[in-house]
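Below are the chains, spelled out letter by letter.
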Protein chains: 2
Amino acid sequence: MSIRIGIYGYGNLGRGVERAIRQNPDMTAVGVFTRRDPQSVKTCTGIPVFSADDAEKMTNEIDVMILCGGSATDLPKQTPALAARFNVVDSFDTHAKIPEHVQNVQAAAEKAGKTALVSGGWDPGMFSLARLYGTAVLTEGKEYTFWGKGVSQGHSDAIRRIEGVVDAKQYTIPIQSALQKVRNGENPDLKTDEKHERECYVVAAEGADKARIEREIKTMPNYFADYKTTVHFITLEELREKHSGLPHGGEVIRSGVTGENGEHKHVIEYSLKLDSNAEFTASVLVACARAVYRMNQEGNVGCKTLFDIPPAYLSAKSRDELLATLL
Amino acid sequence: MSIRIGIYGYGNLGRGVERAIRQNPDMTAVGVFTRRDPQSVKTCTGIPVFSADDAEKMTNEIDVMILCGGSATDLPKQTPALAARFNVVDSFDTHAKIPEHVQNVQAAAEKAGKTALVSGGWDPGMFSLARLYGTAVLTEGKEYTFWGKGVSQGHSDAIRRIEGVVDAKQYTIPIQSALQKVRNGENPDLKTDEKHERECYVVAAEGADKARIEREIKTMPNYFADYKTTVHFITLEELREKHSGLPHGGEVIRSGVTGENGEHKHVIEYSLKLDSNAEFTASVLVACARAVYRMNQEGNVGCKTLFDIPPAYLSAKSRDELLATLL
């Protein structure tokens, strides 16, 4: 019997979920739920489109609803609301607000006898797992997260708001010398701006003052001022041709010691190189949906994170197969 | 309240467990259990030594017994036997026999209401987790395990058995060009001997025929014949000085695709660089003991592997702390 998935919200992430479901034969996409006019939305694989308002009529047709909205305004409201009717999965990624989000979703899901998994994806998500396993095993040590090379949408948007900028793309790039020190087990103290540099590809309007634009970028507080920032002016054609993707990735490194006097160093590194940030995130959410479905079948309700999920629950393979082939 | 740990078997791994417990303030080492004369064993941190035969009298004083024997002959018997009286953790690493071992331990632990975790460590163990998470998330893809650079005890022993060899150390080394192809997402087909080469440091007896020794190493079936093998003859002093450690490590790489037609590549890499194979393995086992203790407290009995353990159970941190700091 196939696990029936609803997709709530249909941007890059929603499309990624739709495609990921096709790569998981034990799942079926029931349809997309949108706040737009359903007639105006065409899905990638031809699955039906429903109005978001109609979701509540379909509680018997959906085993898990995957929420594909944004963390700023959508998910804080949508996840608790939908957890009152569905098993749900989301990718809530405002790290500082995760405890509050978990609490809100817990209350709704527990009351309804539903199972929710929040903050799935890769950071939070797979990176969080790497951090947890790393600290649990190497209790004396330091932990580092590097992001990139990847596109930061927030930073790209910030550049686009500057006068005279037609379009822009910003890549966050780990500083290789810092990364190497960490990999060597040197345990340096590093602030975020000592771990990353920022590379900007900017299309300026005809006649715009490029020197001013570059200065405004490089001095922008929080976004760029503290970082080594490089600005390249390119044509709109080049931007579209070479910088249209949304790659991302990064490394979580745990460096620690063992022995009589900490004389043995150990370095654990978890790294991701992703051509499509949204599609990889979607692939994680789909695996989480499987786990949520199984936990709910077993009566394990409430709000979970990847920290609470026995890894085997994420896989379509049977326990016997896992033991024989992957352990 | 501290989790009280017994250490059953006292070689490199047992000593590693003893030291790892000192790095985990929520645990106490009750003592070492040995089949040797307890009087003849001196522990690193001064914890008591008991006869293995006396373990059964101490069931009320030990929350989890960590078994530190070998997979060939010790653990197949010891783990089921001790699981009938204790919560247990082992590092059984004969991959092909894991399903059988799980079955034997399951029967004993379930009957006794005890919780067991088998095949903890890094391979099987942390590498198995990397394989499972990787395949669960990227369902269309290929998976690779590279080992090294690290000392293979089995291969070192095989060299030592050759006539005229005084001592030897063998390093397994990933072939960088193969590793690079995998990291690039090229998904090559690679046999074990296409992924690894073997480097041997050999001390020959005075007057021994080095050419013959080198030939015997390089043509040894299973161990070396299929591999690119390099032999260095060195002095005993140099061997002791430069090759006395037992470092190891390796990489698990999952390379997969997503998108409409698999147009987006993704590479997940989990890598370990370990100064001390035994001490890192021990650190994993100690984290597993915490999880086993908690699961048993909750009435979750039987034989588990890391695939069955919610990651949070491995950490000494509270759930609130985990959500706030690591997710």
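A few points on the structure. (Residues numbered from 1 in each chain as written. Chains lettered and ligands numbered in written order. Predicted model: local features only at pLDDT ≥ 70, side-chain atom pairs only at ≥ 80, totals over all residues. Heavy atoms only, no water.)

## Side note on the overall build of chain A
- The secondary structure content of chain A amounts to 11 helices and 14 strands.
- Computed over the C-alpha atoms, the radius of gyration of chain A is 22 Å, within 12% of the 20 Å expected from 2.2 N^0.38 for a compact globule of 327 residues.
- Dimensions along the principal axes, computed over C-alpha positions, put chain A at roughly 65 × 60 × 35 Å.
- Residue burial in chain A is summarised as follows: out of 327 residues, 57% are buried.
- For chain A, contacts bridging at least 24 residues in sequence account for 69% of all contacts bridging at least 6.
- For chain A, the accessible area works out to roughly 13,600 Å², and carbon and sulfur atoms hold 45% of it.
- Positive and negative side-chain charges of chain A, numbering 39 and 43 respectively, have mean locations separated by a distance of 2 Å. (Helix = DSSP H or I, 4+ residues; strand = E, 2+ residues; numbered from the N terminus. Rg over C-alpha atoms; globule rule 2.2 N^0.38 Å. Buried < 20%, exposed > 50% of the residue type's maximum accessible area, 1.4 Å probe, protein only. Contact = heavy atoms within 4.5 Å. Areas by Shrake-Rupley, 256 points an atom, 1.4 Å probe, with all protein chains shown as cover. Lys, Arg positive; Asp, Glu negative; His and termini not counted. Charge placed at Lys NZ, Arg CZ, Asp CG, Glu CD.)

## Looking at the relation of the copies chain B and chain A
- Each copy superposes on the other: chain B lies on chain A with an RMSD of 0.0 Å after a rotation of 180° and an axial shift of 0.0 Å. Each copy turns onto its partner about a two-fold axis. (Least-squares fit on C-alpha atoms with pLDDT ≥ 70 in both.)

## Points about the interface of chain B and chain A
- Facing 67 residues of chain B, the contacting portion of chain A comprises 67 residues.
- A buried area of about 5,900 Å², summed over both sides, lies between chain B and chain A, and 59% of it is on carbon and sulfur atoms.
- For the pair chain B and chain A, the number of links is 4 salt bridges.
- Of the charged contacts, one joins Asp-308 of chain B and Arg-319 of chain A as a salt bridge, the two residues approaching to 2.9 Å between their closest N and O atoms. (Buried area = accessible area lost by both parts, 1.4 Å probe. Salt bridge = Lys/Arg side-chain N within 4 Å of Asp/Glu carboxyl O.)

## A short note on the pairing of strand 10 (residues 196-204) of chain B
Residue and element names in this part refer to chain B.
- Buried residues dominate strand 10, accounting for 9 of its 9 residues.
- The pairing of strand 10 with strand 11 (residues 228-233) spans 6 bridges and is classified as parallel. Paired with Tyr-201 across the bridge in strand 11 is His-232.
- Handedness of the crossover joining strand 10 and strand 11 through helix 8 (residues 210-218) is recorded here as right-handed. (Pairing = 2+ DSSP bridges. Right-handed = clockwise from strand over helix to strand, strands pointing away.)

## Some remarks on the environment of Met-65 of chain B
- Summarising the element assignment, Met-65 of chain B is placed in strand 4 (residues 64-67).
- Setting aside residues no more than four positions away along its own chain, Met-65 of chain B makes contact with Gly-6, Ile-7, Tyr-8, Phe-33, Ala-55, Phe-86, Asn-87, Val-88 and Val-89 of chain B.

## A short note on empty space enclosed by the protein
- Per the counting criterion, the structure on display carries 2 cavities of 30 Å³ or more.
- Within this model, the largest cavity holds a volume of roughly 170 Å³.
- As for the largest cavity, its lining consists of 15 residues, and the residues nearest its centre are Leu-129, Ala-130, Tyr-133 and Tyr-270 of chain A together with Tyr-270 of chain B.
- Put simply, the parts of the chain that give the lining of the largest cavity at least two residues each are helix 4 (126-137), strand 12 (248-258) and strand 13 (264-274) of chain A together with helix 4 (126-137) of chain B. (1 Å grid on protein atoms, 1.4 Å probe; cavity = no way out; pocket = protein on both sides within 12 Å on 5 of 7 lines; lining within 4 Å. Points joined across faces, edges and corners; volume = space filled by probe spheres on them.)

## A few points about the packing of helix 4 of chain A against helix 4 of chain B
- Where helix 4 of chain A contacts helix 4 of chain B, the two axes come as close as 13 Å, and the packing angle between them is 170°. One way to sum up the angle between helix 4 of chain A and helix 4 of chain B is to call them roughly antiparallel. Contact with helix 4 of chain A, carried on its side by Met-126, Leu-129, Tyr-133 and Val-137 of chain A, involves Met-126, Leu-129, Tyr-133 and Val-137 of chain B of helix 4 of chain B and no other residues of that element. (Axes fitted to C-alpha atoms, helices over the stretch in contact; angles between N-to-C directions. Parallel < 35°, antiparallel > 145°, perpendicular 65-115°, else oblique.)

## Some details on the sheet that holds strand 11 (residues 228-233) of chain A
Residues and elements named next belong to chain A.
- What the 4 strands build is an open sheet, ordered 8-9-10-11; its pairing is mixed. Of all the strands in the sheet, the pair left with one neighbour each is strand 8 (150-151) and strand 11.
- Relative to strand 9 (residues 165-174), helix 5 (residues 153-160) is tilted by about 145°, and along the sheet it contacts strand 8, strand 9 and strand 10 (196-204).
- Contacts between helix 8 (residues 210-218) and the sheet are confined to strand 9, strand 10 and strand 11, with strand 11 contributing the most and set at about 150° to the helix.

## So, helix 5 of chain A
Residue and element names in this part refer to chain A.
- Along helix 5, the positions that sit buried rather than exposed are His-155, Ser-156, Ala-158 and Ile-159. Buried residues of helix 5, viewed axially, fall in a sector of 160°; they line one side.
- Where the residues of helix 5 are buried, they touch strand 8, strand 9, strand 10 and helix 8. (Arc of directions from axis to C-beta.)

## Some remarks on helix 4 of chain A
Residues and elements named next belong to chain A.
- In this model helix 4 runs 17 Å from its N-terminal to its C-terminal C-alpha over 12 residues, within 8% of the 16 Å that 1.5 Å per residue would give.
- With 12 of its 12 residues buried, helix 4 lies for the most part within the structure.
- All of the buried residues in helix 4 are Met-126, Phe-127, Ser-128, Leu-129, Ala-130, Arg-131, Leu-132, Tyr-133, Gly-134, Thr-135, Ala-136 and Val-137. (Expected span 1.5 Å × (residues − 1).)

## With respect to the packing of helix 2 (residues 74-83) of chain B against helix 3 (residues 98-112) of chain B
Residue and element names in this part refer to chain B.
- Their axes nearest at 7 Å, the elements helix 2 and helix 3 cross at an angle of 15°. Of the possible angle classes, the one that applies to helix 2 and helix 3 is roughly parallel. In the crossing of helix 2 with helix 3, the sense of the turn from one axis to the other is right-handed. Residues Leu-75, Pro-76, Thr-79, Pro-80 and Ala-83 of helix 2 form the contact with helix 3, whose participating residues are His-101, Asn-104, Val-105, Ala-108, Ala-109 and Ala-112.
- Residue composition of the contact of helix 2 with helix 3, grouped by class: 8 nonpolar, 3 polar and no charged. (Left-handed = near helix turned anticlockwise from the far one by under 90°. Nonpolar A, V, L, I, M, F, W, Y, C, P; charged D, E, K, R; others polar.)

## Some words on the pattern of salt bridges
- Throughout the structure, instances matching the rule amount to 32 salt bridges over all chains.
- As a salt-bridge pair, Arg-212 of chain B and Glu-216 of chain B come within 2.8 Å of each other at their nearest N and O atoms. Of the two residues, Arg-212 of chain B and Glu-216 of chain B both sit in helix 8, 4 residues apart, roughly one turn of that helix.
- Relative accessible area serves as the criterion here: at 19%, Arg-212 of chain B is assigned to the buried category.
- Connected through salt bridges with shared partners, the residues Asp-157, Arg-160 and Asp-167 of chain A form a single ionic network.

## Things to note about the sheet that holds strand 4 (residues 64-67) of chain A
Residues and elements named next belong to chain A.
- The 7 strands are arranged 3-2-1-4-5-6-14 in an open sheet whose pairing can be described as parallel. Edge positions in the sheet fall to strand 3 (49-51) and strand 14 (302-304), since each of these pairs with one other strand and no more. Neighbour-to-neighbour, the strand axes of the sheet open up by a mean angle of 25°, direction not taken into account.
- Bridge count between strand 6 (residues 115-117) and strand 14: 3 bridges; the pairing is parallel. Considered in strand 14, the bridge of Thr-115 is made with Gly-302.
- Here helix 10 (residues 277-297) sits on the sheet in contact with strand 1 (3-8), strand 2 (27-34), strand 4, strand 5 (87-89), strand 6 and strand 14, set at roughly 155° to strand 5.

## A look at the packing of aromatic side chains
- A complete count under the given rule lists 11 aromatic pairs over all chains for this structure.
- Where Tyr-171 of chain A meets Tyr-201 of chain A, the ring centres are 5.8 Å apart and the plane angle is 85°; that geometry is what we call edge-to-face. Separated by 30 residues along the polypeptide, Tyr-171 of chain A in strand 9 and Tyr-201 of chain A in strand 10 bring together distant segments of the chain. Like Tyr-171 of chain A, the residue Tyr-201 of chain A is buried in the burial classification.
- Its guanidinium or amino end placed over the ring of Tyr-10 of chain B, Arg-15 of chain B lies 5.7 Å from that ring's centre, counting from NZ or CZ.
- Over the ring of Phe-146 of chain B we find Lys-195 of chain B; its NZ or CZ atom is 5.5 Å from the centre of that ring. (Phe/Tyr/Trp six-rings, centres within 6.5 Å; stacked < 30°, edge-to-face > 60°. Lys NZ or Arg CZ within 6 Å of the ring centre and 35° of its normal.)

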